[in-house]
Amino acid sequence: MITFEGAGKRYPDGTVAVDQLDLKIPSGRTTVLVGSSGSGKTTALRMINRMVEPTQGTVAIDGTDVRSRDPVLLRRSIGYVIQQAGLFPHRTAVDNIATVPLLLGWPKARARARARELMELVGLEPGQGRRYPHQLSGGQQQRVGVARALAADPPILLMDEPFSAVDPLVRAGLQDELLRLQAELHKTIVFVTHDIDEAVKLGDTIAVLRPGGRLAQVDTPERLLAEPVDEFVAGFIGYDRGVRRLSFFPARDLPLRSDIVLSAETTAEQARSVAAASGQPWLFVVDKDRRPIGWIGSAGLAGEEGPRPLGTMGVIGYGHGFTVSTDSLRAALDAAVLSPAGGAVGVDTDGTVIGVVTQSDLGAAIWPLGDAGGVLAATSDNG
Amino acid sequence: MGEGTTASRAADAVAAVAEVWDWTAANLDDPIGPKLLEHAQLSFTSVLLGLLIALPLGLAGARWRPLYPPMLTGVNVLYAVPSLALFFLLLPYTGFSPWTAIIPLALYTLAILVPNVVDGLNQVPDHVRQAAAAMGFGPLRRLLQVELPIALPVIVAGLRVASVATISMVSVASLVGLGGLGQLILTHGFKRNFPAPVIVGIILSVALAFLADAVLVALQRWLTPWARGRESGATTTRNRHIARAAVARSRKATT
């Protein structure tokens, strides 16, 4: 447990970076400090390993004031991942990762062996160990950065906007990787970001800081999205928090319809009768392996000759599907929004179509959630 | 101009080359060999001493920024003092010992080396420096294991310029009876109105400069394998920039 008690940092010129921070960071969980620039989140993070000394109050780890410990030794016991990775350009990936074990006096062979172990853990190829940082991509550099922070197996991991300098696709991959690592390692992670999406995705707890370094709200991601304490927090998390909150509800409970999913060999005549029987204006076409092809409207079907198979007609793209077993309502809603037919295609993990959710069924599933938390209503008020 | 003139010029040139060759063959063991060695020793010692002074000065200049501008002015003013004056100024203290040549030459290298040490240390990226602190490097260890190694390419770029400049300047010390190859040029050649030693002195001096540069390039490649293949990188571009600036500075000062 890391405890901030009335911790503050005031610089000699009078600037207050952090003001009277009271915060308990539980062990084995991920706590995200989020805020815009100037909210003191990085300063607060650096108080933990004494990169910044508080000018008032205390920061304690498991009840021991950090100021009672030698800063150099303290830092070797805390992992640190910095923005842009901060790798040593003159050392290979393996030697970068072995940094802290070597500082702790491990024999070189043992430190290198440990470094190779960690490369595997963070998903790097063994051959990349001999490369220098500039020979690695941005994403690989960050993986080396994370491995370096974990090398001496510290119980605490401080991460200062570690993924903000890489492109969104790589960032998403690194975030998934961190979630996977944390599920395995159970470190006390303190993660700083200005990206509320990242905070919601990674945090067990989120602490929102306002400019001037004051704590605005500490809550679980779900509660933060459902009940922001004030206008500042609501504004900071954005006016699509209602939609974002849907990430906490699984898509597997959505009613999937397979009666309006037809194979490409189905004739126009058969399809017309399905459309008439179901009352649905859109039907979904799949190939012989049940992989998605696209939507076809009943209006388009009307003019076709009876025996013509659906596969030879022009279908309308479906955007993307959602994976029924693992995705959230947010993914399903997004799939529906991107589809011209207004429905979302639910697929299995192997990509085959299980069924489709119609616009009205999706609406019926989402609306009560908004009502229960008052989220959707509150959203329209704020807008 | 007639053909006769051209022919006689060609004959003169052949005769001159033959003369240089004969003189070299006859004087290889003395004075050419010892003077070449002396030239190399004087240059090497001066640059080494310069580096030993420039390192702490550069460290101080990089750490305490307000210190750097006056320091830079200081080493530039030193560079502006005519070398001959410095040699004579030192004569009463150091006599005709090599130090009379080495001390001024070492002081001159500071104008090139100090800015390069400072620039080299300043271009260590801030996130790297902070990461080192956060990993638990103490200040001294951070300097020796992180900052200096990363600054090395820029420092070596300065050493290359300083070596070449020093090798060309050692000759001036022949005016006070030192100066290696400069003595071939001055005592054996110029004073006797005999061109062969002058030509040999110039050729060997240039060759020595090339050799020193090649050795430093090889040394840098060996010490900084990580900097290879970064040719398009900002660091290397910056090195060239710094080296070029230093060359310009040394040219200005020697003319």
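Residues numbered from 1 in each chain as written. Chains lettered and ligands numbered in written order. Predicted model: local features only at pLDDT ≥ 70, side-chain atom pairs only at ≥ 80, totals over all residues.

Before going further, it helps to spend a moment on the overall build of chain A. Along the backbone of chain A there are 16 helices and 16 strands. Seen through its principal axes, chain A has C-alpha atoms that stretch 85 × 50 × 30 Å. Burial status across chain A gives 43% buried among its 383 residues. Relative to all contacts within chain A whose residues are 6 or more apart in sequence, the contacts with residues 24 or more apart total 64%. (Helix = DSSP H or I, 4+ residues; strand = E, 2+ residues; numbered from the N terminus. Buried ≥ 20, exposed ≤ 12 C-beta atoms within 10 Å, placed from the backbone. Contact = placed C-beta atoms within 7 Å.)

All right, on to the overall build of chain B then. Summing up its helical and strand segments, chain B has nine helices and zero strands in all. Taken from N to C terminus, the helices and strands of chain B fall in the order α-α-α-α-α-α-α-α-α. Residue burial in chain B is summarised as follows: out of 255 residues, 38% are buried.

Residues and elements named next belong to chain A. Residue alternation in strand β15 (residues 344-347) divides its side chains into two sets, Ala344 and Gly346 and Val345 and Val347, and both sets are buried. Here strand β14 (residues 322-323) runs beside β15; their pairing, made up of two bridges, is parallel. Counted as the bridge partner of Thr323 is Val347 from β15. Taken together, the four bridges between β15 and strand β16 (residues 353-357) define a ladder with antiparallel strand orientation. Following the sheet pairing, Val347 is matched in β16 by Val353. The hairpin turn running from β15 into β16, its antiparallel successor, is five residues long, and Gly351 in that turn takes a positive phi close to 90°. (Pairing = 2+ DSSP bridges.)

The next thing to look at is the environment of B:Met71. Residues and elements named next belong to chain B. Relative to the helices and strands, Met71 is located in helix α2 (residues 68-80). Through-space distance from the C-alpha of Met71 to that of Gly61 is 7.4 Å; in sequence the pair is 10 residues apart. Dropping the residues within four chain positions of it, Met71 is found in contact with Leu57, Gly61 and Val114.

We now examine the sheet that holds strand β11 (residues 261-263) of chain A. All names here are of chain A. Spatially, three strands are ordered β11-β12-β13 in an open sheet, and the strand pairing comes out mixed. Strands with a single pairing partner mark the edges of an open sheet, and in this sheet they are β11 and β13 (292-297). Within the sheet, the average angular offset between the axes of one strand and its neighbour, ignoring direction, is 35°. Strand direction decides the pairing type here: β11 and strand β12 (residues 282-286), joined by three bridges, are parallel. Residue pairing for β12: Ser263 is matched across the bridge by Val286. (Axes fitted to C-alpha atoms, helices over the stretch in contact; angles between N-to-C directions.)

All buried positions along helix α5 (residues 126-135) of chain B are accounted for by B:Val128, B:Ala131, B:Ala132, B:Ala133, B:Ala134 and B:Met135. Residues of α5(B) that are buried in the fold lie against α2 (71-76), β6 (78-81) and α4 (99-103) of chain A together with α6 (139-170) of chain B. Following α5(B) by one or two positions, B:Gly136 has its phi on the positive side, about 105°.

Residues and elements named next belong to chain A. Per the domain assignment, the segments making up chain A are domain 1 (2-248) and domain 2 (261-367). Just the C-alpha atoms count here: the centres of domain 1 and domain 2 sit 43 Å apart. Tallying the contact residues gives five residues for domain 1 and five residues for domain 2. (Domains from an automatic or database assignment.)

A few words now on unusual backbone geometry. Residues and elements named next belong to chain A. With a phi angle near 65°, Arg50 is a residue other than glycine that sits in the positive phi range. Exposure remark for Arg50: the 20 C-beta atoms within 10 Å place this residue in the buried category. Phi is positive for His186, which is not a glycine, with a value near 50°. On the secondary structure map, His186 appears in the loop between α7 (168-185) and β8 (188-193).

Mean pLDDT for chain A: 89, with 96% of residues reaching 70 or above. Here residues 371-383 of chain A scores under 50 on pLDDT; set against residues more than four positions off or in separate chains, the count is 14 contacts. (pLDDT = per-residue confidence, 0-100.)

Let's shift gears to the pairing of strand β2 (residues 16-25) of chain A. One face of the sheet, then the other: side chains in a regular strand alternate in exactly this way. Residue and element names in this part refer to chain A. As paired strands, strand β1 (residues 2-10) and β2 are joined by six bridges and run antiparallel to one another. Following the sheet pairing, Phe4 is matched in β2 by Leu23. In this antiparallel pair of consecutive strands, β1 and β2, the connection spans five residues, and Gly14 shows a positive phi of 100°.

Residue and element names in this part refer to chain A. Counting residues in hydrophobic clusters, the biggest one holds 127 residues, and the most contacted among them are Leu33, Ile97, Ala147, Ala151, Leu158 and Val190. Non-local contacts of Ile97, meaning those with residues more than four positions away in its chain, are made with Ala115, Leu118, Met119, Val144, Ala147, Arg148 and Ala151. If you look at the next biggest cluster of nonpolar residues, it comprises 35 residues, including Ala251, Ile260, Ala341 and Val357. (Core = buried A, V, L, I, M, F, W, Y, C linked by C-beta atoms within 7 Å.)

With that settled, consider the confidence of the model for chain B. All names here are of chain B. Per-residue pLDDT for chain B has a mean of 83; in total, 87% of the residues score no lower than 70. Ranking the elements of chain B by mean pLDDT puts helix α9 (residues 234-254) last, at 50, and α5 first, at 93. Contacts of residues 251-255 to residues separated by more than four positions or lying in other chains number three contacts, the stretch itself having pLDDT below 50. Scored as a whole, the predicted complex attains pTM 0.76, and scored at its interfaces, ipTM 0.76.

Residue and element names in this part refer to chain B. Where helix α4 (residues 99-122) contacts α6, the two axes come as close as 8 Å, and the packing angle between them is 150°. The orientation of α4 with respect to α6, classified from their angle, is roughly antiparallel. Judged by the sense of rotation from one axis to the other, the crossing of α4 with α6 is right-handed. Contact residues: Ala101, Leu105, Tyr108, Thr109, Ile112, Leu113, Asn116, Val117, Asp119, Gly120 and Leu121 in α4; Glu147, Ala151, Val154, Ile155, Ala157, Gly158, Val161, Ala162, Ala165, Thr166, Met169 and Val170 in α6. Partitioned by chemical class, the residues of the contact of α4 with α6 number 16 nonpolar, five polar and two charged. (Parallel < 35°, antiparallel > 145°, perpendicular 65-115°, else oblique. Left-handed = near helix turned anticlockwise from the far one by under 90°. Nonpolar A, V, L, I, M, F, W, Y, C, P; charged D, E, K, R; others polar.)

Moving on, we come to the interface of chain A and chain B. Every contact between the two is made by 19 residues of chain A and, on the other side, 17 residues of chain B. Within the residue set of the side of chain A that touches chain B, elements represented by two or more residues are α2 and α4 of chain A. Take the side of chain A that touches chain B: its biggest share by element is four residues, from α2(A). In terms of residue class, the side of chain A that touches chain B is made up of 10 nonpolar, seven polar and two charged.

Residues and elements named next belong to chain A. Spatial ordering of the open sheet is given by β14-β15-β16, a layout of three strands whose pairing is mixed. Each edge of the open sheet carries a strand with a single partner, namely β14 and β16. Sheet strands touched by helix α14 (residues 329-338): β14, β15 and β16. Its angle to β15, the strand with the most contacts, is close to 130°.

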